[in-house]
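# Overview (structure and organization)
Read off the chains here:
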Amino acid sequence: MKICTTLEAWMLHYSMEESLRFIAEAGFDAADLSMFSARAWELLVDRPDYLEKAEQIRIAAEKNGLLLLQAHAPFGHQPEDEAAVTRVIRSIEVCGVMGVPRLVIHPCFGNDRRYDQKQEEYFTYNVAYYNHLRPYAEKAGVTIAIENMFVWDEQKQAIAPSIFSTAEEMLDMLRVLDGPFTVCLDIGHTNLNAPQTAAEMIRRLGPDNLGCLHIHDNDGISDLHTLPMTQKIDFAPIFTALHDIGYRGCFTYEADSFLSRFPLPAYPAAARLMAVLAKEWIRQYAL
């Protein structure tokens, strides 16, 4: 199994090309290209020459011996936001140029999609949204990965289940779309919205529907995006479930907050620790 990590923490300080070099030197096999922040839009997505820049980044990854196995599109918008959707489409096109096989694209939803409220309404809403993106994905040769989400419950002052918080809802979406779509299971999110554990969702999704992962830890209260073993998630049953289903994707960290808590000169050492731990878990659980 290849080990992969997001670039967001690095990109706050360096170019995408420099960020790729740092994670290669830390021992990673692959990068998850972060394209969801204003910084990424500045460096790539909003540039008039974004496709030419994508080719330069692809060449930089190749020179550093890195694969580009995942990416993450802009999020937090609604389909009516034409500028935001244009950024998503550009991120698909960028993945096509770079040869990135899977792009995570969040569903569109509001804070009123929590628990079982407005499930059918937002499901239908997202069928239309993803079908709008389908031809761009097909042209680029990119599979869109749909991620499990959560919302904030103001009354309870806590994170609550929302769209795709269960494996069944994600499987229903894949059946309806029936195209270049898969699931990205965010392990941290499963610990925040509770209907099913990460291990349960992995087993229900199976290897044909679980295309990629976001691996990170939290305290069950906040979306901390930190390194496994530093908070409260028990990863043993999660890694065991991945082994048992024969998961075919890569081991992808989305643990940028672990890096960003350190001074910048410590980033390389922290990234090496992340890589060493990923390789050990892959060995220990035969992933």
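Before any of the text, the structure's been laid out above.
Before going into details, it helps to say that this report is about the structure given with it. (Residues numbered from 1 in each chain as written. Predicted model: local features only at pLDDT ≥ 70, side-chain atom pairs only at ≥ 80, totals over all residues. Heavy atoms only, no water.)

## Description of the overall build of the chain
Per the secondary structure count, the chain includes 12 helices and 10 strands. Computed over the C-alpha atoms, the radius of gyration of the chain is 18 Å, within 12% of the 19 Å expected from 2.2 N^0.38 for a compact globule of 287 residues. For the chain, the spread of C-alpha atoms along the principal axes amounts to about 45 × 45 × 35 Å. For the chain, the residues scored as buried account for 55% of the 287 residues in total. Sequence separation of at least 24 residues holds for 75% of the intrachain contacts in the chain that already meet a minimum separation of 6. (Helix = DSSP H or I, 4+ residues; strand = E, 2+ residues; numbered from the N terminus. Rg over C-alpha atoms; globule rule 2.2 N^0.38 Å. Buried < 20%, exposed > 50% of the residue type's maximum accessible area, 1.4 Å probe, protein only. Contact = heavy atoms within 4.5 Å.)

## Remarks on the environment of I187
On the secondary structure map, I187 appears in helix α8 (residues 187–193). By relative accessible area, which is 1% here, I187 ends up buried. Taking the C-alpha atoms as reference points, I187 and E80, 107 residues apart in sequence, are found 29 Å from one another. With residues near it in sequence (within four places) discarded, I187 still touches A198, L213, H214, I215, H216, I233, F235 and I238.

## Some remarks on the packing of aromatic side chains
All chains considered together, the criterion is met by 16 aromatic pairs. In textbook terms, an aromatic cluster arises when at least three aromatic residues are bridged by ring pairs, as seen for F28, F235, F239, F251, Y253, W281 and Y285. We note R21 situated over the ring of F22; from NZ or CZ to the ring centre the distance is 4.8 Å. Looking at R87, its charged tip hangs above the ring of W41, at a distance of 3.8 Å from the centre. (Phe/Tyr/Trp six-rings, centres within 6.5 Å; stacked < 30°, edge-to-face > 60°. Lys NZ or Arg CZ within 6 Å of the ring centre and 35° of its normal.)

## Overview of helix α4 (residues 50–63)
Helix length check: α4, at 14 residues, gives a terminal C-alpha distance of 20 Å against a target of 20 Å (1.5 Å per residue), a fit within 8%. Among the residues making up α4, those that are buried are Y50, K53, A54, I57, A60 and A61. One side of α4 carries all its buried residues, which in axial view fall inside an arc of 120 degrees. Counted as exposed and oriented over 90 degrees from the buried face of α4: E62 and K63. In this structure, the buried residues of α4 make contact with α2 (16–26), α3 (38–45), β3 (67–72) and α5 (82–98). Just past α4, the residue G65 takes up positive phi, approximately 70 degrees. (Expected span 1.5 Å × (residues − 1). Arc of directions from axis to C-beta.)

## With respect to the pattern of salt bridges
Counted according to the given criterion, the structure contains 16 salt bridges. Of the charged contacts in the structure, one is a salt bridge between R114 and D153, with a shortest N-O distance of 3.3 Å. Linking R114 in the loop between β4 (102–104) and α6 (119–140) with D153 in strand β6 (residues 150–153), this pair joins segments that are 39 residues apart in sequence. Taking the relative accessible area as the measure of exposure, R114 reaches 22% and is therefore partly exposed. The buried category is assigned to D153, whose relative accessible area is 2%. (Salt bridge = Lys/Arg side-chain N within 4 Å of Asp/Glu carboxyl O.)

## Quick look at the pairing of β6
Alignment of β6 against strand β7 (residues 158–161), held across four bridges, turns out to be antiparallel. Note on β7: the bridge partner recorded for V151 is A160. (Pairing = 2+ DSSP bridges.)

## Things to note about the nonpolar core
Core analysis: the largest hydrophobic core is formed by 102 residues, its most contacted members being L44, I105, L133, L210 and Y253. When residues in this core are grouped by element, the largest group, nine residues, is from helix α12 (residues 267–284). The residues touching L44, leaving out its near neighbours within four places in the chain, are M16, L33, M35, Y50, K53, A54, I57, V94 and M98. (Core = buried A, V, L, I, M, F, W, Y, C linked by side-chain atoms within 4.5 Å.)

## Description of helix α9 (residues 198–205)
If you check which residues of α9 are buried, you get A198, A199, M201, I202 and L205. Buried residues along α9 cover an arc of 165 degrees about the axis, so they all sit on one side. Summarising the contacts, the buried residues of α9 are in contact with α7 (167–177), β8 (181–186), α8, β9 (210–214) and α10 (236–245). Once α9 finishes, G206 follows within two positions and takes phi at roughly 75 degrees, a positive value.

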